[in-house]
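# Structural overview for review
Spelled out from the first residue to the last, the chains are:
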Amino acid sequence: MNQQTVPFEFDIEGMHCAACVRRVEKAIARVEGVDGVVVNLATGRGTATPPPGMASDPAWRERIAVSVTGAGFVLHPVRDAAAVTRDETAALRGLRRDLAVAAALTVPVAALAMLLPMVPGGRNGGIAAGSAVAQLVLSGLVLFGPGARFLRLGIPGLLRGTPDMNALVSLGAGSAWGFSLAVLARALIAGAPVPGTYFEAASVVVTLVLAGRLMEARARGQTGTAIRRLAGLRPATALVERSGRAETVPVDALRVGDLVRVRPGERLPADGEVVAGEGWVDQSMVTGEPVPVRRRPGDAVVGGTVNGSAGGFLFRATRVGADTTLAQIVRTVEQAQNSKLPVQAVVDRITGWFVPTVLALALLTLAGWLWAGSGTGTALSAAVAVLIVACPCAMGLATPVAVLVGTGRAAELGILFRDGDALQRLGTARTAAFDKTGTLTEGRPALRRLDVVPGTEGAVLLSRLGALERFSEHPVARAVLAELAAQGLDAAHEVTGFEAVPGLGVAGVVDGHAMLAGTAEWLESRGVDVAPLSAVVAEALANGDSPILVSMDGRAAGSFSVVDRVRPGAAPALRILRDRGVRLAMISGDRREAADRLGRSLGIGDVRAEVMPTNKAAAVAALRREHGGLVAFVGDGINDAPALAEADVGIALGSGTDVAMDSASVVLMTPDLRLLPVAAALSRATMRNIRQNLFWAFGYNVLLIPVAAGALRPAFGIALSPMLSAAAMALSSLFVLGNALRLRGVGRRPDALPDRAEPA
């Protein structure tokens, strides 16, 4: 991504409900030059898209910060996982302190309110007045002490005409307290008996809302455990060999090229390549692969993984800091968690009108009961209950917390969703199309046999072919070079004019000899007569092999066959998808015979072979057109990038190329295809969880707002007091959070995956 399109990411302090999110987004959108903005309630993070040339303009960023401040919130630079944990811990400590103070003051207020009517003559005279004054003082300390956090944010929002949850709580508790103060003052001035007051309602509401917010903060902290666990895999220090001696340095001081010593049981501080020693490395927390892998000189290692107790090794750092695989994984998961699903747009539109509607309903409730002659106390109690019970917290959290937990759980399993759209779409894809080589197969073909025409020496042909294939990254090239090494042959030949034609073959001049290696059709198009090799080619195709023809100086020189084993997890993964009603297809550039043979063995009914890389995207579009519904494409190579981009959901294997992974919206960190049905199950479970959350959040308000307004009072005598409303409001958010946390049990690790991978 170039500098001109880098988005501005930031953290926002002070958001508590969907109305807060709406307010922040509107404030940022008003800043000149903001092309787009997304704010996430669950993560407390926002992203603003700048116009070209303004990505790092400090003045532009300052205008955004000022606009956010003007909306009643505070903008901070993006914090790392450690800072997030510290801030959350401090916030929890503050909430616990405020709740303890509020509860200590509320208990005597509630006791006085409940016990006063039991005292003989307690409703009259000095006892009533003294009790009311005590309740006034104590509830005032609650409202203007621990409850000040609601007033600080709620009142300015009301004055700006952008009310939120804090405004509802401030209005509810403040109205009850203010009404009671006015009633008490009038009685004391007139020397009249003190009528009923609602001081206990004001203090209990504040206390219960604080209790709910504390429980919500604890639950929300659990939703981000996956990303914090990943971020915490990086050790704080590294043992580096510099100037002939070992020294311990902070991991942030590591440089590319440093020699890092890893002792038994230690965690690797960076990505690199082993240069001395060996060890067995547990990569499960990064790749999802549960079995430790042996790492020797020349092998790549990944930062964040753990060296076993068998031995230590020295590796050269190749990626440090933000460039490591672990940092990229964390960044990818954070981006997915901060993205908005399409369904969230509908929720945002509704919540934009929700709080003003609640305020109007509260006023109508107050006016209705006053008109009905039920008294100011009854009318105020019902209006306050409406204000408190209708908090939009659950609505705002319904979608983002499910995405937060779902993507975090996926990362733990070795599945990276790069955006929210992929999380929403994957579970509903009706067709899954697969590349063949490197995806359904291991991508490590081995040379089965080499045939040469009379007059050609096999060792010479293989040596020259190896020299040509050294310039290719194709799996077939690796097979040739592996066979060359096995036979102890030398590939040190002069190569000029190398050319690779995707899907067809390679060409070049080796020691002055013009050579071609590729399909029979391609060689024929280059003027080579392949008739001398026709019998060999027919035999290879009958065996299900892929024959590669070689010519030298314009004449057919030989043919070699390669065999590529099917990935161990491919068959069970495809069987699960087929059982779930997913249509399977293969799009391969390989020959028809080889592709059909593999398709039959894996139960793939729709095999599209001999498809040029440039036509793979068109093949994906044809599948969508012919069968309808969403199409997922799974691939691993550079030639798969167009198809991955064309698919509704592009899925790349983590063992594939960077180009393929950049083009995909989902990355499987290990090449075990059994992760694919797990990812689909996780997608479905997350969307089901979101639907449940939204149903609860909206249904809760639809049912309880009329009850709070007193709709059941005339017929059944049932009313919802402000205290019960506060408790119900807190439980609403906790239900949404608790339901989202169930996603942490979805899926299983691939080593324990049975034939079906359903949500646990």
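Just so we're clear, the structure is a prediction, and the values are computed from it rather than from any experiment.

## As for the overall build of the protein
Looking only at helices and strands, one finds 27 helices and 26 strands in the protein. Judged by the C-alpha coordinates and their principal axes, the protein covers about 125 × 65 × 50 Å. For the protein, the share of sequence-separated contacts (at least 6 apart) that also reach a separation of at least 24 residues comes to 69%. In the form shown here, the protein has an accessible surface area of approximately 31,700 Å², with 59% of it arising from carbon and sulfur atoms.

## A look at the packing of aromatic side chains
A full pass over the atoms with the stated rule returns eight aromatic pairs. Through a chain of ring-to-ring contacts, three or more aromatic side chains come together here, namely Phe 8, Phe 10 and Trp 60. Here the guanidinium or amino end of Arg 713 rests over the ring plane of Trp 369, the centre of that ring lying 5.4 Å away.

## Description of unusual backbone geometry
Of note in this structure, Asp 511 is not a glycine but carries a positive phi near 50°. Considering the arrangement of structural elements, one finds Asp 511 in the loop between β18 (505-510) and β19 (513-518). The class of Asp 511 is partly exposed, set by a relative accessible area of 36%. Positive phi values are uncommon outside glycine, yet Asp 553 reaches one of about 55°. Within the secondary structure, Asp 553 sits in the loop between β20 (546-552) and β21 (555-563).

## Examining the side chain of Thr 365
Mapped onto the secondary structure, Thr 365 falls in helix α11 (residues 342-371). In this structure Thr 365 touches Ala 382, Ala 383, Val 386 and Ala 709, once residues within four positions along its chain are discounted.

## Section: the pattern of salt bridges
Any two side chains of opposite charge can pair, so long as their charged atoms come close to each other. Applying the stated criterion across every chain, the model contains 21 salt bridges. Here Arg 409 and Glu 412 are joined by a salt bridge, their closest N and O atoms 3.4 Å apart. One end of the pair is Arg 409 and the other is Glu 412, both in helix α13 (residues 393-412) and three residues apart, which spans about a single turn. Its relative accessible area of 15% is what places Glu 412 among the buried residues. The partner of Asp 451 in a salt bridge is Arg 449, and the shortest N-O contact between them spans 2.9 Å. In this structure, a network of salt bridges that share partners links the residues Arg 425, Arg 624, Glu 646 and Asp 648.

## Some words on the packing of helix α25 (residues 675-709) against helix α27 (residues 722-741)
Packed helices, taken two at a time, are described by the angle between their axes plus the distance between the axes. In the contact formed by α25 and α27, the axes pass within 9 Å of each other and the chain directions differ by 170°. In terms of their interaxial angle, α25 and α27 are classed as roughly antiparallel. On α27, the residues touching Asn 689, Gln 692, Asn 693, Trp 696, Tyr 700, Leu 704 and Ala 708 of α25 are Ser 725, Ala 728, Met 729, Ser 732, Phe 735, Val 736, Asn 739 and Ala 740.

## A word on the nonpolar core
When a protein is soluble and globular, its nonpolar side chains tend to lie buried together. Core analysis: the largest hydrophobic core is formed by 140 residues, its most contacted members being Ile 64, Ile 415, Phe 417 and Leu 440. It is α25 that provides the largest number of residues to this core, a total of 15 residues. Dropping the residues within four chain positions of it, Ile 64 is found in contact with Phe 8, Ile 28, Val 31, Val 34, Ala 48 and Leu 75. If you look at the next biggest cluster of nonpolar residues, it comprises 22 residues, including Leu 462, Ala 491, Val 510 and Met 552.

## Digging into the sheet that holds strand β2 (residues 36-40)
Across the sheet, which stays open at both edges, the four strands sit in the order β2-β3-β1-β4 with antiparallel pairing between neighbours. Each end of this open sheet is capped by a strand with a single partner; those strands are β2 and β4 (74-76). Neighbour-to-neighbour, the strand axes of this sheet turn through a mean angle of 30°, independent of strand direction. When strand β1 (residues 8-13) meets strand β3 (residues 45-49), the two strands line up antiparallel, connected through four bridges. Bridging across to β3, Phe 8 finds its partner in Ala 48.

## Structural notes on the UniProt feature "transmembrane region" (unreviewed entry) in the protein
In this structure's numbering, the residues bearing the UniProt feature "transmembrane region" (unreviewed entry) are residues 99-119, 125-144, 165-189, 195-215, 350-372, 378-405, 694-712 and 718-741. Secondary structure over residues 694-712 splits into 84% helix and 0% strand, and the C-alpha atoms at its two ends are 25 Å apart.

Quick notes on the rules
- Residues numbered from 1 in each chain as written.
- Predicted model: local features only at pLDDT ≥ 70, side-chain atom pairs only at ≥ 80, totals over all residues.
- Heavy atoms only, no water.
- Helix = DSSP H or I, 4+ residues; strand = E, 2+ residues; numbered from the N terminus.
- Contact = heavy atoms within 4.5 Å.
- Areas by Shrake-Rupley, 256 points an atom, 1.4 Å probe, with all protein chains shown as cover.
- Phe/Tyr/Trp six-rings, centres within 6.5 Å; stacked < 30°, edge-to-face > 60°.
- Lys NZ or Arg CZ within 6 Å of the ring centre and 35° of its normal.
- Buried < 20%, exposed > 50% of the residue type's maximum accessible area, 1.4 Å probe, protein only.
- Salt bridge = Lys/Arg side-chain N within 4 Å of Asp/Glu carboxyl O.
- Axes fitted to C-alpha atoms, helices over the stretch in contact; angles between N-to-C directions.
- Parallel < 35°, antiparallel > 145°, perpendicular 65-115°, else oblique.
- Core = buried A, V, L, I, M, F, W, Y, C linked by side-chain atoms within 4.5 Å.
- Pairing = 2+ DSSP bridges.
- UniProt positions renumbered as here; feature names shortened; annotations may be inferred.

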